[in-house]
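Each chain, letter by letter, is given below.
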Amino acid sequence: MERLAIIRNWFVFLVALSFFMVFFNAFDYSALSAGGTNSGAASLINNFVNNLHTHKPNHSLDVSQMFNQTASPDPLLVDIDNPFTDHDRANNLTVNKNTTLAARTKRSSDSCKGRYIYVHHLPHRFNDDVLRNCSVLEKWLNMCPFLTNVGFGPQVENSEGVLSEKSWFTTNQFLLEVIFHERMKKYKCLTNNSSFADAIYVPFYAGLDVGRYLWGYNISMRDSLGSDLVKWLAQQPEWKTMWGRDHFFVSGRISWDFRRQTDSDSDWGSKLMNLPESMNLTTLSIETTSWSNEFAIPYPTYFHPSSDNEVFQWQNRMRSNNRRYLFAFAGAPRPSANDSIRMEIIHQCLASRRTCNFLRCNSGGASRCDNPAEVMKVFQDSVFCLQPPGDSYTRRSIFDSVLAGCIPVFFHPFSAYAQYTWHLQRDYWRYSVFIPIDLVKDGFVSIKQVLLQISENEMLAMREEVIKLIPRVIYADPTSKLQTLEDAFDIALKGVLRRIGKVRNNMRKGRDPSNGFAEENRWKKKLSGIGVEEEWDHFIDTSMRY
C-alpha cells in the first residue's frame, strides 16, 4: 500500500508538470524582453520614465504615455501594492490599506462623488490685481461701481414697479468671471486636495485683463498675462495628471477676443486660446467660436435671486403680464457693418409702430439700454423680442428677453442654437422663432407677417417654455442657495464635469484623449440634433460675422 501511494504521488506530480510546460510554452512572454512590443511591461515602464523627464504640455501625447500618467485617476482607488503606481499621488494621500478601504466606503455614499472641484490658488496678478485699477478695465466705462455686491453691481432701488422688490442689480455683461468665481467660493464640493478633484477651476480674469488693452496697445501687452498664466499652470503638479484636460476657466468676453490670427498690432484681441497649453483647457465664455473645447454659458442678467420662491413669483408674474406689442427690438444700428440687418429691423419696426416697441440704444454716453427697468419694461410689454447679431453673433439681450418671458426671434443659428447647448433646449422651435438672416437683409420677408402667422395657442405654449428657462439663465446670489432649482452656474458645472469625466473614461480605456478635444470648424457638431442638419449648411459654409 505504501508503495502504491508513492507511485500515485509521482503520477500526480508528472501530470501537473506536463500542464505547466504546456502553459509555459503557450504564453507570449516576448513583451518582457528588451525587444518586446509597446504593449509590454518593459515598454510601459520606459514610456512612464520618459514621460517624467519630458513634461511637455503637448495636446497630442502618445496614448500609452498619457494612460500611465493617469492609471489611478481616482485618488481613493490608488493601489499602493502596485509598483507601477504614481507614487507622488499615493504619498500625497498618506493612506494605508485600511484608510483606503474606509475612504472607499465613505465615497460610495458621498453626495459630492463625481463633483469635487479643486480651485487653483493663482498668484494675485492673475485675478485680484486685475481689479485694482477698475476704472481702466473698459475704455469708455468706469467699472468700479459694477464690482460691488460680488460682481452684481449696484442694487436697483426704484424700478417704478417694473421689477420685483429685491434681487435686481445693474449687472455689467462683462463681469461673468467675477460672478462665477464668487459663486465657486461657496460651492459645496470644493476640495483642498487636488488628487480628489474631478475638475480643476482656474480663476483667471482673462476677459477683464485683455479688455484693458484692446484699444491703443500692442500685442505684447495683450498677450503678456495670458502667456504667463499657461506657463504657470504647466509647471504645477496638477497639470501633469491629465496635461490640463481636467482644467477649465471662465471668460466674460466672447472667445473671438482670444483667437488673434496674426502677430500684427492692428489685429484684434490676444492669442491666449491659440496657445498650445490652452488647447488642453476647457473654456466657458459668453460666446464661442467653432472650436470644440469652447462652451458658451449665459451672459449675466440683472436678476440674482436668493431663494426658489423669488424665482417662482417672478415666473408667475411673467405668465400673467399684459403684453401690448406683438414684437420689440432694443438696440442701435450698425452703419459700419455692411452685413448687419439692424437697419432693416429698425425700419420694419418703425413702420409698425402700433405693433412694434423700439428701444433705441445710444451709441455713446448713458444708454437707456443700460437701465434694467427700461429694458425689462420693453420686453415685458412684448410677445416676441428680436435678437439679431450685434458686434458678434450673440447678445446679452437674449437672456434679458427670456427673463421677461418674451419669445426670442433669432436670425442666425450661431446666436443661440450652436452656443448655449447646455442651457437651452435642442428643439429650438418650442421656445423661439427662427427667420433666416439673408431673407431679412435683402427685404424678402416681413417680420411682422411671419409673427402674425403664429396662432395664439402656439404663442402661449412657446411663452411657457421661455418662462421655464428662466432659472437656467440666471446666476443666483452666492450668499444664499436655491433649494430645488438649478441656475446657470449649476448647469455649466455639470457640463464641465460630464465633459472631463468622458475624457478621463476614454483615457482609462486607452483611447487618445486629444481626439476631438480641441478641434476647429465644429459648428456642425455643435448644431447636431438641433433641427434638420441641411437647414444650417448655408450658415456653416459661410460662417460670416454679422
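Only a predicted model underlies this, so the values are computations on that prediction, with no experimental measurement involved. (Residues numbered from 1 in each chain as written. Predicted model: local features only at pLDDT ≥ 70, side-chain atom pairs only at ≥ 80, totals over all residues. Heavy atoms only, no water.)

Some remarks on helix α7 (residues 176–185)
Okay, so step 1: Counting buried positions along α7 gives eight out of 10 residues, so the element sits mostly inside the fold.
Okay, so step 2: The set of residues buried in α7 consists of L176, E177, V178, I179, F180, H181, R183 and M184. (Buried < 20%, exposed > 50% of the residue type's maximum accessible area, 1.4 Å probe, protein only. Helix = DSSP H or I, 4+ residues; strand = E, 2+ residues; numbered from the N terminus.)

Describing the state of the cysteines
Okay, so step 1: If you walk through the whole model with that rule in mind, you get five disulfides.
Okay, so step 2: Each sulfur in the disulfide pair C134 and C144 lies 1.9 Å from the other. Between C134 and C144, the disulfide has an S-S torsion of 95 degrees and is therefore right-handed. Of this pair, C134 sits in the loop between α6 (128–132) and α7 while C144 sits in the loop between α6 and α7; the two residues are 10 residues apart in sequence, bridging distant segments of the chain. (Disulfide = S-S within 2.5 Å.)

Some thoughts on the environment of N309
Okay, so step 1: In this fold, N309 is placed in helix α11 (residues 308–319).
Okay, so step 2: On the basis of relative accessible area, N309 is assigned to the partly exposed category, the value being 44%.
Okay, so step 3: Considering only alpha carbons, one finds N309 and Q483, 174 residues apart in sequence, at a separation of 9.6 Å.

Structural notes on the confidence of the model for the protein chain
Okay, so step 1: For the protein chain, the average pLDDT comes to 83, and 77% of its residues sit at 70 or higher.
Okay, so step 2: When the criterion is pLDDT under 50, residues 19–106 qualifies, and its contacts beyond four places in sequence or with other chains add up to 103 contacts. (pLDDT = per-residue confidence, 0-100. Contact = heavy atoms within 4.5 Å.)

Details of the sheet that holds strand β2 (residues 199–201)
Okay, so step 1: Strand order in this open sheet of five strands is β1-β2-β3-β4-β5, and the pairing throughout is parallel. Looking along the sheet, the strands with just one partner apiece sit at the ends: β1 (117–119) and β5 (294–296). Going across the sheet, the axis of each strand differs from the next one's by a mean of 30 degrees, ignoring polarity.
Okay, so step 2: Both strand β4 (residues 282–285) and β5 contribute to a ladder of three bridges, which runs parallel. In the sheet register, L284 faces β5, and the bridge partner there is F295. (Pairing = 2+ DSSP bridges. Axes fitted to C-alpha atoms, helices over the stretch in contact; angles between N-to-C directions.)

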